[in-house]
Amino acid sequence: EARNADAAGFRYQWRRDSVNLPGATAATLTLTKVAPAAGGSYTVVVTNDVGTVTSSPATLTVSPTPPQFAPQVTRQPADALVGSGRPATFEVGVTGTPPFLFQWQKDGFLVAGATASALDISRTASADAGNYTVIVTNAVGAATSRPATLAIIPLHKITTQPADTPFNVGATATLTVGVNDARLVSYQWYHNQVMLEGATSGTLVIPNATARNAGFYYAFATNPAGSIVTDIAALYLAAPGSLPPATITAQPADAAVAAGALVTLSVAATATGLGSGTLAYQWFRDGAPLPGATAATLVLPAAAAADAGAYTVVITNNAGSTTSRAAQLTVADSRIINLSVRAKLAPDRALITGFVMGGGEKSVLLRASGPALQPFFPADTPVAGDPALNLYDATSTLVQTNDNWGGTPVLTASFASVGAFAWSPASKDAALVRPVNGPYTAHVAVTTAGIGLVEIYDLGAGSSARLINVSARYQVTPGDGALSAGFVIAGNTEKNLLIRGIGPALQDLFGIPGVLADPKVEIFRADGTKLAENDNWDAALAPVFTQVGAFAPKAGSKDAALTVRLAPGAYSAQISGVGASAGDALVEVYEVP
């Protein structure tokens, strides 16, 4: 094609090998049905009123034969899954230069007569299963398809026939069919020769059956190879009471665990007869139903002392109820639930008590008794006057305070719940209730000297959060001026405790002056029986100090410490000075895991 877009009035003449081509007088030369003779050197002469110009030659070469292309598979034969006796077809799509020759193979062996692009098997048999490929060839080359797998599903057999079955009104009736090969099997159930819409699984479930559901049932089981009909089964009403309730096949077992352990109680039961219906479960502890405990397995993630008891499960169906044996759950647990410190208090010195709530948050009751103690002593015995109670957290921040308790309902109810002796609403004793978690200290100050009592009570239920350490610091004097800390252990098993009387370490480690130089610790039962004592601590206890997070006195100091294993009950730890010595001392009671 020759063009000049900047001029007008052109005249054209095309030439092949310098010879004018008749009629070829346009800007474009088009050749149709090109033959080899059309090959040559083509030019065009362009003329206008100004002159003539000849284009550069363009060479046209015409091949005597068209190009040939080897076959390529563009559509692979697909896998097939058919029933025995059903037709199967494999087909391939190719591109390239025809004509094509096709040859199908099965598992690498030629299939006689299979020389078309499609392989048709009109009636499959088990011997036809395998992998099929096709080789496509032409004059240029060959191509082989991917293997296509033919799987043959034989006609299945009924292995489980629906059985004649009685049922109770209101029960869940169930009929079942089973086959030896469930691949691609579909089901259709019939009742008295009427097809049941939606009843297309191997199990026919009739909830809340009534007399209208009685009759004859059968099912067709169909796979790609064909259909088989089951035997006819009769579903009929049972005589009232003839079908027994569930039968327990595995009873819940007794369990004894430590507090905080995972507990699993389980029962296994079967419904005897179709009419027994769906099983329902309800667990009980000591005869009281447990809300939400309605499965065959009861799980207690972290057993507490309150979880101990006798567990039964009632299994119910339409035929009645069955109760399991009582499984006894024992939770071995004990904990410190109370500390009480009695001392001769003076206005110039606060009594400091400390405690640590471990394992979570729980409420405590704190009481500082002075005037309320008078009825327990002779009239001429002075008691501490108007105690004030201040509670500090681990950062020494004042979090709550109380001077006169005022007889509030919350405090009155708290006193009663822990068995603390009652106060007059008008008394000038101090008390408070607060949820706590971690370490705290309570400071008690009084206006006049006399005997005072500070108490800490665990108010919450359960044992996951618990008092793991209680302590008190005050001055010890000779005679009846010992520092006495009472404590109560609740539970059903013995508790390991570390009990310490600290004097010199207060000065050595914390710089506190005027300490008790040589404390002695003695442990008494509530009846006054002495159980253990220590004067100077044994270095072998150092690992126990580390275990409970207690500071370690200097080696060879005259501080006192001992470990003791105590049964649930009330005890006291008394700190006195050896040789009638006096000074500040700290009494500590630690739970040892």
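Residues numbered from 1 in each chain as written. Predicted model: local features only at pLDDT ≥ 70, side-chain atom pairs only at ≥ 80, totals over all residues. Heavy atoms only, no water.

A. Region of the structure containing the overall build of the protein chain. For the protein chain, the helix and strand inventory stands at three helices and 49 strands. The C-alpha atoms of the protein chain give 50 Å as radius of gyration, which overshoots the globular expectation for 593 residues (25 Å, by more than 25%). Taking the principal axes of the C-alpha coordinates as reference, the protein chain spans close to 150 × 100 × 50 Å. Relative to all contacts within the protein chain whose residues are 6 or more apart in sequence, the contacts with residues 24 or more apart total 70%. Here the protein chain displays about 28,900 Å² of accessible surface, and carbon together with sulfur accounts for 56% of that area. Between the averaged position of the 33 positive side-chain charges in the protein chain and that of its 39 negative side-chain charges there is a distance of 8 Å. (Helix = DSSP H or I, 4+ residues; strand = E, 2+ residues; numbered from the N terminus. Rg over C-alpha atoms; globule rule 2.2 N^0.38 Å. Contact = heavy atoms within 4.5 Å. Areas by Shrake-Rupley, 256 points an atom, 1.4 Å probe, with all protein chains shown as cover. Lys, Arg positive; Asp, Glu negative; His and termini not counted. Charge placed at Lys NZ, Arg CZ, Asp CG, Glu CD.)

B. Up close: the pattern of salt bridges. All chains considered together, the criterion is met by 19 salt bridges. With a shortest N-O distance of 2.8 Å, E588 and R500 are connected by a salt bridge. Linking E588 in strand β49 (residues 583-591) with R500 in strand β44 (residues 495-502), this pair joins segments that are 88 residues apart in sequence. This pair shows no difference in class: E588 is buried, exactly as R500 is. Between K530 and E533 there is a salt bridge whose closest N-O contact spans 2.7 Å. For E533, a relative accessible area of 43% corresponds to the partly exposed category. In this structure, a network of salt bridges that share partners links the residues D333, R466, K495 and E591. (Salt bridge = Lys/Arg side-chain N within 4 Å of Asp/Glu carboxyl O. Buried < 20%, exposed > 50% of the residue type's maximum accessible area, 1.4 Å probe, protein only.)

C. Structural view of the pairing of strand β45 (residues 519-525). The buried fraction of β45 is high, at five of seven residues. Pairing of β45 with strand β48 (residues 569-577) involves seven bridges; the strand directions are antiparallel. Within β48, the residue paired with E522 across the bridge is Q574. Across four bridges, the pairing between β45 and strand β46 (residues 530-534) is antiparallel. Across the sheet, the residue bridging to F524 is K530, located in β46. Between β45 and the antiparallel strand that follows it, β46, lie four residues; G528 among them carries a positive phi value of about 95°. (Pairing = 2+ DSSP bridges.)

D. Quick look at unusual backbone geometry. Cis peptide bonds are those with omega within 30 degrees of zero, and the linkage from P98 to P99 qualifies with 5°. Note that P99 resides in the loop between β9 (93-95) and β10 (101-106). Positive phi, close to 55°, is recorded for L184, a residue that is not glycine. You can see L184 is positioned in the loop between β19 (178-179) and β20 (186-191). Despite not being glycine, A580 has its phi angle at roughly 60°, a positive value. Along the chain, the position of A580 falls in the loop between β48 and β49.

E. Structural view of the pairing of β44. Buried residues dominate β44, accounting for seven of its eight residues. Of the strand pairs in this sheet, β44 and strand β47 (residues 560-566) are connected by seven bridges, and their pairing is antiparallel. Considered in β47, the bridge of I499 is made with L562. Here β44 pairs with β49 via six bridges, running antiparallel.

F. How the structure looks around the packing of aromatic side chains. Within the structure shown, the criterion is met by 14 aromatic pairs. Aromatic pair Y190 and F220: ring centres 5.7 Å apart, planes at 75°, arrangement edge-to-face. Taken as a pair, Y190 in strand β20 and F220 in strand β23 (residues 215-223) lie far apart in primary sequence, 30 residues in all. For Y190, a relative accessible area of 18% puts it in the buried group. With a relative accessible area of 31%, F220 lands in the partly exposed category. Note on F510 and F551: the rings are 5.2 Å apart at their centroids and 85° apart in plane angle, and the pair reads as edge-to-face. (Phe/Tyr/Trp six-rings, centres within 6.5 Å; stacked < 30°, edge-to-face > 60°.)

G. Spatial organisation of the nonpolar core. With 48 residues, the main nonpolar core has L345, F355, L366, L483, F487, L497 and I499 as its most contacted residues. Leave out the neighbours within four places in its chain, and F487 touches N338, L339, L497, I499, L566, G569, A570, Y571, S572, A573 and V589. Residues V267, L290, L300 and A303 belong to the second largest nonpolar core, which totals 20 residues. (Core = buried A, V, L, I, M, F, W, Y, C linked by side-chain atoms within 4.5 Å.)

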